[in-house]
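Working through the structure, step by step
Chain by chain, the residues run as shown.
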Amino acid sequence: MNTAEWAERALAEAAVGQEPLSREEQVLERIERARRRKPKVTEERVTMAHGAGGKASRTLIQAVFVDAFANPALQRLDDGATLDLGTGRLVFTTDAYVVSPLFFPGGDIGDLAVNGTVNDLAVCGARPMYLSAGFVLEEGFPVADLRRITASMAAAAERAGVRVVTGDTKVVQRGKADGCYVTTSGIGALERPVTLGESRVRPGDAVIVSGPVGEHGVTVMIARGELDIEADLTSDTAPVHEAVAALLDAVPVRMMRDATRGGVATILNEIAVGAGLAVTADERAIPVRPVVSGACELLGLDPLYVACEGRFVAVVDGDHAAAAVRALRRHPVSEGAAVVGTVEAGPPGMVLLKTASGGTRIVDLLVGDPLPRIC
């Protein structure tokens, strides 16, 4: 069913047995009903879309993993699980990295793995402390490249003030992997009496992005050499824990998310759906470097959906938005922070973007990702 047919069907269904709604209201109601359905994986086999961070990923997670392992900590679907040990609280997280190529301008799979896990802990409000590292290596992988990756991980861990304290290594036959995959898990301590999450978001809150978006995904795509594009661009991979700590100390923070797979657009949808509220963003306020917007235009991409690895989205009390931005801009990793939108009462679960041309459009979750294997 194409978009036009879908919209007409929504109009017809909405018109039965109720007061007439505007065309926009009817389409929004159709979207909301679709979102309320129990997630169901209809494919018989896993596809690349299932690992892209969009609708297919979320459906797979909810219909398979959450269904199998159901528990309160997991069902929050945060960047990490908050655990109360009785003597204190900690955050535990894990992530796998399959980026291709392994080495790219501004970073590699090693520092990407460390920074990604550090950032997942940080946006949950925790001070990152300890990491584990698991390696799946393909037979024939150069030892020199492995040393380069581990050296990069060690340097990133030192910068972030964490230690890699345990790990595992497996080797598979030649052709059964893509050189090297890395999985990192992390533990962080919750030292502040804060509780973060979509349930704390309120109408009037401000939505902040910590810096220019889309740099990592575009950098990796260009590094693959499949496109005749040259750009002076490096990945934004970096630890954000110090900027996050400064923000938590400066203003009341409702929630934070690491804008990786699916980009800022996915995070905005998670906020809206999780809070049962609306997010209105201003396209002109979203920081995007000209080189990124130019490359995205050539590739037919929207920078809002392109992954970052050193950026996060925060929702703060609207009365403290200016103070939040000032606190973030004191740190190099977040010196480009900006308020990009506000939280509103409705339409619930929707993200609306005020475009540079003066119109408004819905920003929905993508099914898949036009840039696979970027983290």
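Residues numbered from 1 in each chain as written. Predicted model: local features only at pLDDT ≥ 70, side-chain atom pairs only at ≥ 80, totals over all residues. Heavy atoms only, no water.

If you walk through the whole model with that rule in mind, you get 13 salt bridges. Linking Arg373 and Asp178 is a salt bridge whose minimum nitrogen-to-oxygen distance equals 2.9 Å. Residue Arg373 is found in the segment after β14 (360-362), and its partner Asp178 is found in the loop between β6 (163-172) and β7 (180-189); the two are separated by 195 residues along the sequence. In this structure, Arg192 engages Asp249 in a salt bridge whose closest nitrogen and oxygen atoms are separated by 2.8 Å. Of the two residues, Arg192 sits in the loop between β7 and β8 (206-209) while Asp249 sits in helix α8 (residues 241-250), which places them 57 residues apart along the sequence. By relative accessible area, Arg192 is classed as partly exposed at 22%. Each of Glu215, Asp236, Arg289 and Arg311 takes part in a single network of salt bridges with overlapping partners. (Salt bridge = Lys/Arg side-chain N within 4 Å of Asp/Glu carboxyl O. Helix = DSSP H or I, 4+ residues; strand = E, 2+ residues; numbered from the N terminus. Buried < 20%, exposed > 50% of the residue type's maximum accessible area, 1.4 Å probe, protein only.)

Okay, unusual backbone geometry next. Here the bond from Ser100 into Pro101 is cis, since omega is 5°, no more than 30 degrees from zero. Each neighbour pair has its own omega, and for Gly346 with Pro347 the value is 0°, a cis peptide bond. Tracing the sequence through the fold places Pro347 in the loop between β12 (338-344) and β13 (351-354).

So, about the side chain of Asp205. Tracing the backbone shows Asp205 in the loop between β7 and β8. A distance of 2.7 Å separates a polar side-chain atom of Asp205 from the backbone nitrogen of Arg202. Among all residues touching Asp205, those that are not within four sequence positions of it are Arg200, Arg254, Val315, Val316, Asp317, Gly318, Gly341, Thr342 and Val343. (Polar contact = N/O pair within 3.5 Å; in protein donor to acceptor, adjacent residues only side chain to side chain. Contact = heavy atoms within 4.5 Å.)

Tallied over the full model, the rule gives zero aromatic pairs. When the ring centre of Phe103 is taken as origin, the NZ or CZ atom of Arg148, which lies over that ring, is 3.8 Å away. (Phe/Tyr/Trp six-rings, centres within 6.5 Å; stacked < 30°, edge-to-face > 60°. Lys NZ or Arg CZ within 6 Å of the ring centre and 35° of its normal.)

Once that is clear, we can look at the packing of helix α5 (residues 109-122) against helix α6 (residues 143-160). α6 packs onto α5 with a crossing angle of 30° between their chain directions and a minimal axis gap of 7 Å. As the angle between them shows, α5 and α6 are arranged roughly parallel. Between α5 and α6 lies a crossing of right-handed hand. On α6, the residues that touch Ile109, Gly110, Asp111, Val114, Asn115 and Val118 of α5 are Ile149, Ser152, Met153, Ala156, Ala157, Arg159 and Ala160. (Axes fitted to C-alpha atoms, helices over the stretch in contact; angles between N-to-C directions. Parallel < 35°, antiparallel > 145°, perpendicular 65-115°, else oblique. Left-handed = near helix turned anticlockwise from the far one by under 90°.)

One way to put it is that α8 packs onto helix α11 (residues 321-329) with a least axis distance of 9 Å and a crossing angle of 150°. On the basis of the axis angle, α8 is roughly antiparallel to α11. The handedness of the crossing between α8 and α11 comes out as right-handed. Facing Ala243, Ala246, Leu247 and Ala250 of α8, the residues of α11 in contact are Ala324, Ala327 and Leu328. For the contact of α8 with α11, the per-class residue count stands at seven nonpolar, no polar and no charged. (Nonpolar A, V, L, I, M, F, W, Y, C, P; charged D, E, K, R; others polar.)

Examined bridge by bridge, strand β5 (residues 127-138) and β7 share ten bridges and lie antiparallel to one another. Within the sheet, the bridge partner assigned to Gly134 lies in β7 and is Thr183. In this fold, β5 hands off to α6, which returns the chain to β6; that crossover is right-handed. (Pairing = 2+ DSSP bridges. Right-handed = clockwise from strand over helix to strand, strands pointing away.)

This next bit is on the environment of Ala189. Counting through the fold element by element, Ala189 comes out in strand β7. If we ignore the near neighbours within four places in the chain, the residues touching Ala189 are Arg89, Ala126, Arg127 and Met129.

This next bit is on a nonpolar patch on the surface. Together, Leu83, Leu85, Phe92, Tyr130, Val165 and Ile187 make up an exposed nonpolar region whose accessible area comes to about 510 Å². Tracing the chain through its elements places Leu85 in the loop between β1 (81-84) and β2 (89-97). (Patch = residues over 30% accessible without salt bridge, like charges linked within 9 Å, V, L, I, M, F, W, Y side chains within 5 Å. Areas by Shrake-Rupley, 256 points an atom, 1.4 Å probe, with all protein chains shown as cover.)

Here we come to helix α9 (residues 263-275). End to end, α9 covers 19 Å across 13 residues, agreeing with the expected 18 Å (1.5 Å per residue, within 8%). Of all 13 residues in α9, ten are buried; the element is thus mostly enclosed. Regarding α9, the residues found buried are Gly263, Val264, Ala265, Thr266, Ile267, Leu268, Asn269, Glu270, Ile271 and Ala272. Residue Gly276 follows α9 closely and has a positive phi angle near 70°. (Expected span 1.5 Å × (residues − 1).)

Glancing now at helix α3 (residues 55-69). Over its 15 residues, α3 extends 20 Å from the first C-alpha to the last, a length consistent with the 21 Å expected when each residue adds 1.5 Å. Along α3, the sharpest change in direction is near 30° and occurs at Gln62. Buried within α3 are the following residues: Ala56, Ser57, Leu60 and Val66. In the core, the buried residues of α3 are packed alongside α4 (72-75). (Bend = angle between axes of the 7 residues up to and from the residue.)

Note that all results are geometric; they support no functional claim without further evidence.
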